[in-house]
Amino acid sequence: MNKTDAYFMKKALKLASRGTNLVSPNPRVGCIIARDGKIAGSGYHRICGGSHAEAEALQKAGSRARSGTVYVTLEPCSRHGRTPPCAPLLKKAGVKRVVIGAFDPTLKKSGVAYLKDNGIEVKTGVLRRESEELIENFTCFHRKKRPFVTLKCAMSLDGKIATVTGNSRWISSPPVRKWAMKMRGNSDAVLIGATTAVSDNPLLSYRLKEPPAKHPLRVIIDGRLSMSDNLKVVSEGSLIFTASGSPPAKKKKFEKKGAEIKELSVENGYIKAKEILKELYRRRITSVLIEGGGETVWHFIKAGIVDKIIFIYGSVIIGGRDAPSACAGEGFKTLEKAVRLKNMETFWLGKNFIVTGRLR
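Attention in this report is confined to the structure presented alongside it.

The rules we used
Residues numbered from 1 in each chain as written. Predicted model: local features only at pLDDT ≥ 70, side-chain atom pairs only at ≥ 80, totals over all residues. Heavy atoms only, no water. Phe/Tyr/Trp six-rings, centres within 6.5 Å; stacked < 30°, edge-to-face > 60°. Buried < 20%, exposed > 50% of the residue type's maximum accessible area, 1.4 Å probe, protein only. Helix = DSSP H or I, 4+ residues; strand = E, 2+ residues; numbered from the N terminus. Lys NZ or Arg CZ within 6 Å of the ring centre and 35° of its normal. Pairing = 2+ DSSP bridges. Axes fitted to C-alpha atoms, helices over the stretch in contact; angles between N-to-C directions. Salt bridge = Lys/Arg side-chain N within 4 Å of Asp/Glu carboxyl O. Contact = heavy atoms within 4.5 Å. Polar contact = N/O pair within 3.5 Å; in protein donor to acceptor, adjacent residues only side chain to side chain. 1 Å grid on protein atoms, 1.4 Å probe; cavity = no way out; pocket = protein on both sides within 12 Å on 5 of 7 lines; lining within 4 Å. Points joined across faces, edges and corners; volume = space filled by probe spheres on them. Nonpolar A, V, L, I, M, F, W, Y, C, P; charged D, E, K, R; others polar.

### Focus on the packing of aromatic side chains
Part 1 of the argument: Under the criterion given, the structure shown has six aromatic pairs.
Part 2 of the argument: Between the aromatic rings of Tyr 7 and Phe 8, the centroid separation amounts to 5.1 Å while the plane-to-plane angle is 75 degrees, which identifies the pairing as edge-to-face.
Part 3 of the argument: Using a relative accessible area of 4% as the deciding quantity, one classes Phe 8 as buried.
Part 4 of the argument: For the pair Phe 141 and Tyr 281, a centre-to-centre distance of 4.6 Å together with 40 degrees between the ring planes defines the contact as tilted. With Phe 141 in helix 6 (residues 136-143) and Tyr 281 in helix 10 (residues 273-282), the pair connects residues that are 140 residues apart, well separated along the chain.
Part 5 of the argument: Residue classification places Tyr 281 among the partly exposed residues on the basis of a relative accessible area of 25%.
Part 6 of the argument: Members of the aromatic cluster, connected to one another through ring pairs, are Tyr 7, Phe 8 and Tyr 71.
Part 7 of the argument: Positioned above the aromatic ring of Trp 170, the side-chain terminus of Arg 177 is 4.2 Å from the ring centre.

Take a look at the structure:
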């Protein structure tokens, strides 16, 4: 790989990562325009309906874009949407070369083909894996017709998410909590079960000034509407999934607080995880961050619809046979059926050890 191409594409990826859930349902994209080995312009997609990364970079570069090289993390579009297509803008600016990280899985008219047909040199697949991971929510939403599901869980070294009395604050350190809050800012929805809602009484909002992001949709699974309507999450901006035929009087109490109730069918005592994702897809939710307890975690893992896991380990051992675990349920009967991970990565943040991976 050309070292110069990799260098500038890394810059474009870093720019793209500044994007938050404000761009949804669009993908996060970054763009660098280089000329004579220097950056002439840069940009990233900031908000849905706003300028695309290429357009922002071209505006900053001005006449310096002519005969320059464009580094963009995602294939430039060639069709009209909310904003003008970017490929014709690159042609008009007179750029000489375009280096692309990932292909756009939704394009019916190839942006690459348009550029080549107009005499622009194109190189694809530079830092492809990193570029594809940046848009995995977008890709999953369009290819699998469901949101991308990330499971995040903080636990002790022995896999406990709380003590036997329910105390869990704090297993994770302040730097990790800030990092986890940024994850909310990159998610369209955050999901928990009724047990977590009752034991932790979380707000599930986004509470950082930077980077700017919107509050995710707060999703709670409560098959029997057993929660109190006085919980913080029972308010405007929350969606509660419950079983069909739930008590009308209880539903009215929740709705009076501003929460939306959605009834779904039940199978073996559980609301189907796939039905939950189908409803969220209908609402154009491209990504879901699961912060629920062990039963919720198991429910989605068993259904085979968790895409990414993030396990945060604290430097503590809790113990207790009845203390809640990160993944509960009945469990897999044999190791052959157990979930296996790929592309695993590990790192330290603050006093916590973090493991990430994709499910096979």
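Now, onward.
### Re the sheet that holds strand 4 (residues 97-102)
Part 1 of the argument: Taken in spatial order, the five strands line up as 2-1-3-4-5 in an open sheet, and their pairing is mixed. Sheet topology places strand 2 (38-44) and strand 5 (121-123) at the edges, where each strand pairs with a single neighbour. Between one strand and the next, the sheet's axes are offset by a mean angle of 15 degrees, whatever the strand orientation.
Part 2 of the argument: Strand direction decides the pairing type here: strand 1 (residues 30-35) and strand 3 (residues 69-74), joined by four bridges, are antiparallel. The residue bridging Ile 33 from the neighbouring strand is Val 70, located in strand 3.

### Some words on the pattern of salt bridges
Part 1 of the argument: If you walk through the whole model with that rule in mind, you get 22 salt bridges.
Part 2 of the argument: Across the salt bridge formed by Arg 129 and Glu 133, the nearest N and O atoms sit 3.0 Å from each other. Taken together, the residues Arg 129 and Glu 133, both in helix 5 (residues 128-134) and four residues apart, mark about one turn of the helix.
Part 3 of the argument: Judged by relative accessible area, which is 42%, Arg 129 ranks as partly exposed.
Part 4 of the argument: Glu 263 serves as the salt-bridge partner of Lys 251, at 2.8 Å between the closest nitrogen and oxygen. Residue Lys 251 is found in helix 9 (residues 248-256), and its partner Glu 263 is found in strand 10 (residues 260-264); the two are separated by twelve residues along the sequence.
Part 5 of the argument: Under the relative-accessibility criterion, Lys 251 is labelled buried at 19%.
Part 6 of the argument: Taken together, the shared-partner salt bridges in this structure form one network comprising Asp 5, Arg 97, Glu 121 and Lys 123.

### So, helix 6
Part 1 of the argument: Buried within helix 6 we find Glu 136, Phe 138, Thr 139, Cys 140 and Phe 141.
Part 2 of the argument: On its buried face, helix 6 sits against helix 5, strand 6 (148-155), helix 10, strand 14 (308-313) and strand 16 (352-359).
Part 3 of the argument: Lys 145, located one to two residues past helix 6, shows a positive phi value of around 60 degrees.

### Brief notes about the pairing of strand 3
Successive side chains on a regular strand alternate, one facing one side of the sheet and the next facing the other.
Part 1 of the argument: Strand 3 sits mainly inside the fold: six of its six residues count as buried.
Part 2 of the argument: Examined bridge by bridge, strand 3 and strand 4 share five bridges and lie parallel to one another. Directly across from Val 70, in strand 4, lies its bridge partner Val 98.

### Details of the side chain of Glu 291
Part 1 of the argument: Looking at where Glu 291 falls in the secondary structure, it is placed in the loop between strand 13 (287-290) and helix 11 (294-302).
Part 2 of the argument: Judged by its relative accessible area of 16%, Glu 291 falls in the buried class.
Part 3 of the argument: Polar contacts involving the side chain of Glu 291 include one to the side chain of Arg 184, which spans 3.0 Å.
Part 4 of the argument: Excluding residues that lie within four positions of it along the chain, Glu 291 makes contacts with Lys 152, Arg 184, Val 190, Leu 191, Ile 192, Thr 196 and Leu 204.

### What to know about the layout of surface pockets
Part 1 of the argument: The computed volume of the largest pocket comes to approximately 1500 Å³.
Part 2 of the argument: Together, 50 residues line the largest pocket, and Thr 196, Asp 200, Glu 291, Gly 292 and Gly 293 are the ones closest to its centre.
Part 3 of the argument: Elements supplying a minimum of two residues to the lining of the largest pocket: strand 6, helix 7 (174-185), strand 7 (189-193), helix 8 (194-200), strand 12 (270-271) and helix 11.
Part 4 of the argument: When grouped by side-chain class, the residues that make up the lining of the largest pocket number 22 nonpolar, 17 polar and eleven charged.
Part 5 of the argument: Taken as a whole, the second largest pocket spans an internal volume of roughly 1100 Å³.
Part 6 of the argument: Taken together, 39 residues make up the lining of the second largest pocket; nearest its centre are Arg 28, Glu 133, Leu 134, Asn 186 and Lys 308.
Part 7 of the argument: If you list the elements that add at least two residues to the lining of the second largest pocket, you get helix 1 (3-16), helix 5, helix 6, strand 6, helix 7, strand 13, strand 14 and strand 16.
Part 8 of the argument: Per-class residue counts for the lining of the second largest pocket are 14 nonpolar, 13 polar and twelve charged.

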